[in-house]
Amino acid sequence: NVEAGGGGSVIVIDAEPTDVPTRSTKLKPEDGVEVLCATVVFLVALLQGCVLTVFEKHMRKRFPEIDNNEKFQRYLNPVGANGNGANSSEPNINRLFARIGIVDALEGFACTDTPDDDLRKLNDLYAIRNQIAHGLVRAEYQFGEEIYRIKRLSVNEWTKFGKSFAKVFESHVGGKFA
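Residues numbered from 1 in each chain as written. Predicted model: local features only at pLDDT ≥ 70, side-chain atom pairs only at ≥ 80, totals over all residues. Heavy atoms only, no water.

(A) Examining helix α5 (residues 152–176) more closely. The end-to-end C-alpha separation of α5 is 36 Å, in line with the 36 Å expected for 25 residues at 1.5 Å each. Here α5 has its buried residues at Ser154, Val155, Trp158, Phe161, Gly162, Phe165, Phe169, His172 and Val173. (Helix = DSSP H or I, 4+ residues; strand = E, 2+ residues; numbered from the N terminus. Expected span 1.5 Å × (residues − 1). Buried < 20%, exposed > 50% of the residue type's maximum accessible area, 1.4 Å probe, protein only.)

(B) Inspection of the layout of surface pockets at higher detail. In this structure, the largest pocket occupies an estimated 270 Å³ of space. Together, 13 residues line the largest pocket, and Lys121, Tyr148, Ser154, Glu157 and Trp158 are the ones closest to its centre. Sorting the residues of the lining of the largest pocket by element identifies α4 (115–133), β4 (146–149) and α5 as the ones contributing at least two each. Of the residues forming the lining of the largest pocket, the biggest block, six residues, is contributed by α5. In terms of residue class, the lining of the largest pocket is made up of four nonpolar, three polar and six charged. (1 Å grid on protein atoms, 1.4 Å probe; cavity = no way out; pocket = protein on both sides within 12 Å on 5 of 7 lines; lining within 4 Å. Points joined across faces, edges and corners; volume = space filled by probe spheres on them. Nonpolar A, V, L, I, M, F, W, Y, C, P; charged D, E, K, R; others polar.)

(C) Examining the packing of helix α3 (residues 90–98) against α4 more closely. At a minimum axis separation of 8 Å, α3 and α4 run at an interaxial angle of 100°. Relative to α4, the element α3 is oriented roughly perpendicular. Between α3 and α4, the residues in contact are Glu90, Pro91 and Ile93 and Leu119, Leu122 and Asn123, respectively. In the contact of α3 with α4, the residues fall into four nonpolar, one polar and one charged. (Axes fitted to C-alpha atoms, helices over the stretch in contact; angles between N-to-C directions. Parallel < 35°, antiparallel > 145°, perpendicular 65-115°, else oblique. Contact = heavy atoms within 4.5 Å.)

Given below as structure tokens:
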């Protein structure tokens, strides 16, 4: 329910305790997909936070004279191809780090046993996130020949990939910082 209140809207969550799933409540298959899709969106947000944290660290090394003023915050703002804030996909990560002189930040990046697939996985994960975040919630997504099914196992695999990415990314970028 939305109720008007004092110059704006107040959102009132109108749910009975019996409406909230418990451990004994079985979710419908479509509810499970929605929960897993939300997990994908949160995972990508964590990856973006990781990328921005590493960027901030290296930006402070490159430009120690910039403190937490407005100029510093503008540097931290990720920029996509269209000039707006963007997710940390491969091209956007490279574009972001180029702002501080680290060209092709992800060149040679590997965080799993299949390094040739790492950047494809990263880009596909962001593409799936974008579709979900813009309202396309479904049980599977296809990019090129790859079909991604949204199920607990695939979300667990992406989570493992995210952890591996986070462990390796900072040292990888640090090795390019000269």
